[in-house]
Amino acid sequence: MIPPHSTEATDDRAQMVADAAVARWESMVDALTPVLGQRGVAALYRRTLNVAGRAHPCLLLAHEDTEPIRFDQLRKALRKQPADQAAAATDASIQTFHELLNNLIGIPLTQRLLGGLWSPIYSGSPVQDRSK
């Protein structure tokens with residue numbers, strides 16, 4: 001067993017966070033591509049990285065020019081962070097993406113398309129209903 005404070009344990013946790021983050025992003029992209037197209041989703045993802053990257057600079061390293069987005073750079077950037085920072089960056093990026101999408105297509109359609117996919121997955125913060 002790996003001691004919880006070892007570098008290897010930290011790397012394993014960061015890898016788990018990165019893999020879970022990429023899986024979440026892939027689910028959101030799959031849900032949105034039929035509506036926004038690959039280019040639209042890619043543009044929104046890039047904007048998300050720029051906005052959320054202000055508070056979490058590792059996200060600025062996750063920029064990809066590919067369409068569809070493969071999230072290779074996101075996985076790589078998150079794996080280099082301590083697990084708690086990778087989780088915080090993931091939460092911030094998902095929250096930012098949701099806010100940008102709300103502004104683009106509206107809250108009701110965002111909720112219909114993404115359901116619970118957007119909610120922060122690591123911080124335990126509650127999902128807020130902003131439609132009221």
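Refer to the structure printed above.
Residues numbered from 1 in each chain as written. Predicted model: local features only at pLDDT ≥ 70, side-chain atom pairs only at ≥ 80, totals over all residues. Heavy atoms only, no water.

Undergrad: Describe the nonpolar core, and please don't skip the residues or the numbers.
TA: In this structure, Trp25, Tyr45, Leu59, Phe71, Leu74, Leu78 and Phe97 are the most contacted members of the largest nonpolar core, which totals 29 residues. Broken down by secondary-structure element, the contributors of at least two residues to this core are α1 (7–52), α2 (72–79) and α3 (83–105). With 14 residues, the single largest contributor to this core is α1. Excluding residues within four positions of it along the chain, phenylalanine 71 makes contact with Val22, Trp25, Glu26, Val29, Tyr45 and Glu64. (Core = buried A, V, L, I, M, F, W, Y, C linked by side-chain atoms within 4.5 Å. Buried < 20%, exposed > 50% of the residue type's maximum accessible area, 1.4 Å probe, protein only. Helix = DSSP H or I, 4+ residues; strand = E, 2+ residues; numbered from the N terminus. Contact = heavy atoms within 4.5 Å.)

Undergrad: Any chance you could break down α3 for me, citing the residues and the numbers?
TA: A turn of α-helix holds 3.6 residues, and therefore any two residues three or four places apart point the same way. Between its first and last C-alpha, α3 extends 33 Å over 23 residues, near the 33 Å set by a 1.5 Å rise per residue. Within two residues after α3, glycine 106 carries a phi angle of roughly 95°, on the positive side. (Expected span 1.5 Å × (residues − 1).)

Undergrad: Give me the lowdown on the pattern of salt bridges, citing residues and values where you can.
TA: Considering all chains together, one arrives at five salt bridges under this definition. Residues joined by salt bridges that share partners form a network here, namely Asp19, Arg75 and Arg79. (Salt bridge = Lys/Arg side-chain N within 4 Å of Asp/Glu carboxyl O.)

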